Structures are given as structure tokens and as C-alpha cells.
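# Residue-level structural notes
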Amino acid sequence: MREKSISAEATKLKKLRGTLREWYGRHQRPLPWRTEPSLYRTVVSEFMCQQTRIETVLPYFERWMLRFPDFIALAKAPESDVLRAWEGLGYYSRARNLHRLAKEIEGMDAPLRIAADWKKLPGIGPYTAAAVASIAFGEPVPVIDGNVVRVLARVRGDDTEFRSNQEAVDAFRPLAEAFLDPRHPGDHNQAMMELGATVCRKSKPACLICPLRAGCASAGNEAEKRPRIVRRATVKVDVKRLWIERDGHLLLHEGAPNGRRLRAICELPLADDIPAAQPGEQLHRGVRAITHHRITEEIFRARLPQLPGTAALPSPPRNGQWHWVPLRHIDAVTLSGPHRKWIEAILEDR
Ligand code: SF4
């Protein structure tokens, strides 16, 4: 029954493939990985654009291409340079995986061409594998991300409640496969992502100018309610950090070399990690979101007790390291994105 209805929906949608591609040809944003495409540029853009807005990615992408113009340059670069160039984009595991990927590709006689093989490489999930294989090699596999799910759920008029993005992605895969234009899979996939990002937006979709309007069950009607993904409730977390300065040096904690999230990345120390420190005035208050956690971080100026040097510090927590970094060299340290912003704000205020 479901197969029958998918095939009926797909027949209706297939008539709109040409309109969609024509719309994409005329209205796509001139992004640097589209105007000057290559396998390397496609791969880097896909890594950078995961969980990050395109406007944020653009300056990073341009600088990255100057610093690491191809897989060879990236493969040869030290990890510290790669992390430094990524600083501010967040989710550093993407940078590490991209670096490992460049090394693997460098060792191959020819790059892999199909999504199933790309999925075996570091940091490549089904979405990136499909994007690279369809855009760079013309393999007919659909990409399905939040943007594409939104378009398909609205086109279908689907009010199913999904418990996660992944559940929705899985549910819409058959329709995405049926709708895919097998002769132009790369353009079709990019058109769907572009449509979701610029026309079929989360709020106020521009149905009047949408190329799928003729086949869409939600055009001008309840579109904003779809897809229905029941999110986990936001969890609020409060964190206290310390600004401990001594002779022009700032104390930072570097994540453990085998850590998961902050490997080789520095942050201001947690108050809980240095119980002997005496917090004073509040210097800054920042908020960041990680998955469904809303984290409020307060930074306090603090003093260590009389003991000189690192003897006043407990062992570094979580197998990391303490560093006294000269403030005049703070630019050379790899910090997590929010901490770079907060440290700069504090230094500017004095
Ligand atoms: S007609 Fe409106 S709701 Fe339907 S796909 Fe286009 S923008 Fe989205």
C-alpha cells in the first residue's frame, strides 16, 4: 500500500523535476564550491557545512583553500595547523576526520566513486557520502538532510510525529529515491537542499515562488507545522569558569590527547576543577547550545592561593594539561570557538 502511494506521489513529483532543476539553474546562490567545483572543494564544503550556517562557513572556506588548496596540502599539514584553521567552526572532530580523510585519499590510486565506499572513510556519514558521490561522480543517490525532509514532508502533507531527525530521514528515504532525477543527481540534490534553505524555509516558506508548488499538499496551507518532529526538552546547565592570570599569563586547560570532544583544544578552567581558587568579580557571561543543552557559562576572575607556580594547581582533570599561556600569544593557541570569543571580549573590555 505504502509502495503504491509512493509511486503515485513520485509520478506527480517527477513531472516537477525539470521545473526544480530549471529553478536551481536560475536561483542558486553563487557559492565558491559551486562556481569552481572540484572533488576536494565539494568534500571540504560538505564537512564545513555540517551543523554550521553557510554564511559562517564562507570566510573559513576561502581561507582554507588558500592554506590547504588540495588533498595533498591538507594531508601533509600538521594537525595543529588544521585545528587552528578550523578554530571557530566548532565540532573539531570534523577537522580531524577531514585531515585523516585527506591522508587516506592521498594513499589511493584513484578516489572512490560511489557512496557505499565513501561511507567507509573517516567522518563520512550517509548524507556526506551521497552528496559527494552524486555531485562529484554523478551517482544517482539522494541526499536527505533536515532541509530535504522539510520539503518532502510538506509536499506530501505528512503529519506523522517523528521522535528524531534520523527517524524522519529514514521515513522519507523511499520518496526521496523515487523523486531523484537519475540523469542529473548532483544538481537535483543541490536543488532540493537549496530549496529547503532559501524557499521552503522553516518559517514563512515562500510558496508563491516555489517550483514544487503545483505538486505540494502544503502550499499556502499549514506548511510551517510540517515536519512534526517532537524535540527533546531543553536542559539548562550552569557552568562556572575561572580567569586566572599571573605575570601576563592566562591559565588554560587543554583537552586530553585521547579525549572525544576537546582533544588538543584549550578552554578556561572549570571552577570545580580548581576548588582552592578564590573567585572574585564576574568578567563575562556567555551562553552556548550543544544538542538540547543550553549552557550558561559565567567567567570569574580568580586567584590561586599563595603557593607559587603550578604547585598551586591540582592534577589536570580528564587527563588533560594545564598551560600558562602568555596573553600576548593567545592568538597562537587553539581555543574552542566560544572561549576565543569570550576571552577576546574580556581582553577588549580592560
Ligand atoms: S509550495 Fe511551499 S510548502 Fe510546498 S515545497 Fe514549496 S515552499 Fe515548501
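Everything here concerns the structure above.
Okay, so let's go over this structure. The model shown is predicted, which means the values in this text are computed figures rather than measured ones. (Residues numbered from 1 in each chain as written. Predicted model: local features only at pLDDT ≥ 70, side-chain atom pairs only at ≥ 80, totals over all residues.)

Before going further, it helps to examine the packing of helix H4 (residues 39–49) against helix H10 (residues 126–137). When two helices pack together, their arrangement is given by the angle between the helix axes and by the axis-to-axis distance. With their axes 10 Å apart at the nearest point, H4 and H10 run at an angle of 155° to one another. Considered as vectors, H4 and H10 are oriented roughly antiparallel to each other. For the pair H4 and H10, the crossing hand works out as right-handed. Between H4, through Leu39, Thr42, Val43 and Glu46, and H10, the contact on the second element is made entirely by Thr128, Ala131, Val132, Ile135 and Ala136. A per-class count over the contact of H4 with H10 returns 6 nonpolar, 2 polar and 1 charged. (Axes fitted to C-alpha atoms, helices over the stretch in contact; angles between N-to-C directions. Helix = DSSP H or I, 4+ residues; strand = E, 2+ residues; numbered from the N terminus. Parallel < 35°, antiparallel > 145°, perpendicular 65-115°, else oblique. Left-handed = near helix turned anticlockwise from the far one by under 90°. Contact = placed C-beta atoms within 7 Å. Nonpolar A, V, L, I, M, F, W, Y, C, P; charged D, E, K, R; others polar.)

Before going further, it helps to examine the pairing of strand S3 (residues 235–246). Of the pairings in the sheet, the one linking S3 to strand S7 (residues 293–303) comprises 10 bridges and is parallel in character. By the bridge assignment for S7, aspartate 238 is matched with threonine 296. Of the strand pairs in this sheet, S3 and strand S4 (residues 249–254) are connected by 2 bridges, and their pairing is antiparallel. Its bridge partner lying in S4, arginine 246 is registered against histidine 249. The antiparallel hairpin formed by S3 and S4 contains 2 residues in its connecting segment, where aspartate 247 sits at a positive phi of about 50°. (Pairing = 2+ DSSP bridges.)

The environment of the ligand is made up of 15 residues, and the closest members are Cys200, Cys207, Cys210, Cys216 and Ala223. Its residues assigned to classes, the shell around the ligand comprises 12 nonpolar, 1 polar and 2 charged. (Near = placed C-beta within 6 Å.)

Our next topic: the pairing of strand S6 (residues 278–290). Among the 13 residues of S6, 1 are classified as buried, and the element is accordingly described as predominantly exposed. Sheet topology note: the S6/S7 ladder contains 10 bridges and is antiparallel. When the bridges of S7 are listed, glutamine 282 appears paired with phenylalanine 300. Linkage of S6 to S7, two consecutive antiparallel strands, is achieved through a turn of 2 residues, within which threonine 291 is found at a positive phi near 45°. (Buried ≥ 20, exposed ≤ 12 C-beta atoms within 10 Å, placed from the backbone.)

A word on the environment of arginine 301. You can see arginine 301 is positioned in strand S7. We classify arginine 301 as partly exposed; it has 16 C-beta atoms within 10 Å. When the C-alpha positions of arginine 301 and isoleucine 244 are compared, they lie 6.2 Å apart, and in sequence the two are 57 residues distant. The residues contacting arginine 301, other than those within four sequence positions of it, are Trp243, Gly280, Glu281 and Leu283.

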